[in-house]
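Spelled out from the first residue to the last, the chains are:
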Amino acid sequence: SPCDDRYAAWVTDREAFQRDDEPRYLSGLHVVCVWKEAGTLRLEAHMNGVLEEDPVRSELDGALSLDWGKFRKSLQGVLRFSKATNEWGNFHLKQPYGIFSEAGHRLSSATEVLDAGLVLVVEGGQWFWPPVRIGYVRGLPGTPYMIETVSVQPVVFRVRGFLREEECSVIIDMAESNMSESPVVQMEKHYRDNDTKDFRTSTQARLPSSDSSLLQELDKRISNLTRVDVTHNEEVQVLRYRLGEFYASHTDNFDPEYYQNVAAWPKFSCPEISLELLKDFIDKGHRNRLLTVFWYLTNVSKGGETLFPRADGLPPPEDMNSCERGLKVRPEVGTVMLWYSLRPNGNGDPNSLHASCPVEDGKKWSANYWVWNKPRDFSISLPDADVDEEYSGEQSVALSTVEAGNNVSATFRNEHPFPMYLFWKPPDRAQEAFLGEISPQAAVSMLTFPGHIWHIRIGADQSSELVTAQVITDQPKQVIVLSSDPEPDVDEL
Ligand SMILES: O=C(O)CCC(=O)C(=O)O
Ligand SMILES: [Fe+2]
């Protein structure tokens, strides 16, 4: 198909799925190529985000390109998904599926789909970054940020240097005078035998964006990262953990199974949400937290890691307070993590379980930035996709994009007999992003942008000796060979 050389950035390696207790694919995210040939629309679809030897192929009547509603219906037919792929019933509350270009634009006509050629179809209705594989790094178009995959199940990314250190201190200052005990909406399953204090001991403050131009700017920066509109986010929740404080393993989304009898709960531990609202506010599961952008506002010298106990294919932990097993992410000031609590099909992802390990030295400041799959304003109801085939989606997100074609593929080849270490140097940031080792006689490729600066060092930390700094030019494919210049041998002269 005409998309053959574009698939690689959008499909995830089958080997990257480490769990043997669930399917090795991304449920509900389909990578689809659409093109016109002699008046017919041709389609090739790699279902559920993995490259298939035998992709779904189909032809549609060319006239469909004039009728968005029928086009959507036919595309859904070819991809053979139905609203029933969602596990919570009440399908009229499920949101219509979304069709996006590679740049993350929500498409709203068949002409746009044909122009895009390659599209991502997301059953859950909102953009979803495919993880591709652990260690995969992609540049966020139009920005200096690099998105690094740190886990595939759950889907977790890291973006270093996303917040400036000065921004982090301003946020801490804003929060410091407003700290209160962190509320926990305890799952019904747990509330009987758990006291909130055994579950979470940090303190928190909510900061409304309306109070701060910095927070408004961050709303935009984050929406550009998530490709989800700013109307979907909660007020940021700043967290402070002092020595020994922690948060046991939990998921950030709400599983409706656990919230069926809210009014009957003897103790309701989240004063922010009124009882009457709670049942409705999740639309019986269809209105939910989609993802978390987690901000590290300080470094932590010991402990305080964010733990994903089910990463690396691990079984569900028996002890929600244990920090023994799992993927541990070390807080670094200015870094943000992005993880998805829902799968692309809109269902909850139990692998997204995570915790904050106890701080063992100093203090940890961080923040939750929760993004929902639907707008937070309950008065905005999305149309029922069954009756509204004309649905063109919510308003498109304002993205600071350059054309996807401005990506540069840079290959660093190490011809030395020892490993070298690759760092990306964000503009106006002191902290560099460590992006991996290049073994002797090996090469590493990165998606990057003209003007990006890469540092090659002899050790894996930023204080080790700088061998060279490389500025990316605007050539689409660049090979940077790391070899020692032949030095004149003084003895022989
Ligand atoms: O502090 C962390 O690393 C995680 C905190 C968290 O998951 C939460 O507050 O929901
Ligand atoms: Fe959390």
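Please refer to the structure higher up on the page.
Residues numbered from 1 in each chain as written. Chains lettered and ligands numbered in written order. Predicted model: local features only at pLDDT ≥ 70, side-chain atom pairs only at ≥ 80, totals over all residues. Heavy atoms only, no water.

With respect to the overall build of the chain
Line of reasoning, step 1. Assigned secondary structure in the chain consists of seven helices and 27 strands.
Line of reasoning, step 2. For the chain, with 493 residues in total, the buried portion stands at 57%.
Line of reasoning, step 3. Surface accessibility of the chain: about 21200 Å² in total, with carbon and sulfur atoms responsible for 49%. (Helix = DSSP H or I, 4+ residues; strand = E, 2+ residues; numbered from the N terminus. Buried < 20%, exposed > 50% of the residue type's maximum accessible area, 1.4 Å probe, protein only. Areas by Shrake-Rupley, 256 points an atom, 1.4 Å probe, with all protein chains shown as cover.)

A closer look at the site of ligand 1
Line of reasoning, step 1. By nearness alone, 13 residues border ligand 1, and Y241, T306, H354, K364 and N368 come closest of all.
Line of reasoning, step 2. One of the side-chain nitrogen or oxygen atoms of H354 is found 2.8 Å away from an oxygen atom of ligand 1.
Line of reasoning, step 3. Protein coverage of the free-state accessible area of ligand 1, which is 290 Å², stands at 100%.
Line of reasoning, step 4. Of all the elements in the fold, those that place two or more residues in the shell around ligand 1 are β11 (236-241), β12 (247-250), β18 (354-356) and β20 (364-372).
Line of reasoning, step 5. Residues belonging to the shell around ligand 1 are distributed by class as follows: five nonpolar, five polar and three charged. (Near = heavy atom within 4 Å. Polar contact = N/O pair within 3.5 Å; in protein donor to acceptor, adjacent residues only side chain to side chain. Nonpolar A, V, L, I, M, F, W, Y, C, P; charged D, E, K, R; others polar.)

Focus: the pairing of strand β13 (residues 289-296)
Line of reasoning, step 1. Extensive coverage of β13 is indicated by the burial of eight of its eight residues.
Line of reasoning, step 2. Summarising the sheet, β13 and strand β17 (residues 336-340) pair through five bridges and their orientation is antiparallel. Looking at the pairing, F294 lines up with M337 of β17. (Pairing = 2+ DSSP bridges.)

As for the sheet that holds strand β24 (residues 443-448)
Line of reasoning, step 1. Within the open sheet, the three strands sit side by side as β24-β21-β27. Their pairing is mixed. Every interior strand has two partners, whereas the edge strands, β24 and β27 (477-482), have only one. Within the sheet, the average angular offset between the axes of one strand and its neighbour, ignoring direction, is 20°.
Line of reasoning, step 2. As defined by bridge partners, strand β21 (residues 408-414) adjoins β24 across six bridges and the pair is classed as antiparallel. When the sheet's bridge partners are listed, R413 is paired in β24 with A443. (Axes fitted to C-alpha atoms, helices over the stretch in contact; angles between N-to-C directions.)

A word on the coordination of the iron ion (ligand 2)
Line of reasoning, step 1. Taken together, the protein ligands of the iron ion (ligand 2) are H250 (NE2), D252 (OD) and H354 (NE2), with distances of 2.1 to 2.2 Å.
Line of reasoning, step 2. Mapped onto the polypeptide sequence, the residues donating to the iron ion (ligand 2) form the spacing pattern H-x1-D-x101-H.
Line of reasoning, step 3. According to the relative accessible area criterion, H250 is buried, its value standing at 7%. (Donors = N, O, S within 2.8 Å, 3.2 Å for Na, K, Ca; no water.)

Let's talk about the packing of helix α3 (residues 165-176) against helix α6 (residues 213-226)
Line of reasoning, step 1. One can describe the packing of α3 onto α6 by two numbers: an axis separation of 11 Å at closest approach and a directional angle of 125°. Relative to α6, α3 is oriented oblique. You can see that α3 and α6 cross each other, and the crossing is left-handed. On α6, the residues touching E167, V170, I171 and M174 of α3 are L214, L215, E217, L218 and R221.
Line of reasoning, step 2. Among the residues making up the contact of α3 with α6, the classes are represented as six nonpolar, no polar and three charged. (Parallel < 35°, antiparallel > 145°, perpendicular 65-115°, else oblique. Left-handed = near helix turned anticlockwise from the far one by under 90°. Contact = heavy atoms within 4.5 Å.)

Notes on the packing of aromatic side chains
Line of reasoning, step 1. Here the structure, examined in full by the defined rule, presents 16 aromatic pairs.
Line of reasoning, step 2. Residues W10 and W129 carry aromatic rings whose centres are separated by 6.5 Å and whose planes lie at 15° to one another, so their mutual orientation is stacked. Residue W10 is located in the segment before β1 (29-37), and its partner W129 is located in the loop between β5 (118-122) and β6 (137-139); the two are separated by 119 residues in the primary sequence.
Line of reasoning, step 3. For W10, a relative accessible area of 7% corresponds to the buried category.
Line of reasoning, step 4. Between the aromatic rings of F100 and W127, the centroid separation amounts to 5.7 Å while the plane-to-plane angle is 80°, which identifies the pairing as edge-to-face. Linking F100 in strand β4 (residues 98-101) with W127 in the loop between β5 and β6, this pair joins segments that are 27 residues apart in sequence.
Line of reasoning, step 5. Its relative accessible area of 0% is what places W127 among the buried residues.
Line of reasoning, step 6. Positioned above the aromatic ring of F162 is the side chain of R221, whose terminal nitrogen or guanidinium carbon lies 6.0 Å from the ring centre. (Phe/Tyr/Trp six-rings, centres within 6.5 Å; stacked < 30°, edge-to-face > 60°. Lys NZ or Arg CZ within 6 Å of the ring centre and 35° of its normal.)

Remember that the coordinates give geometry; whether it matters functionally is a separate question.
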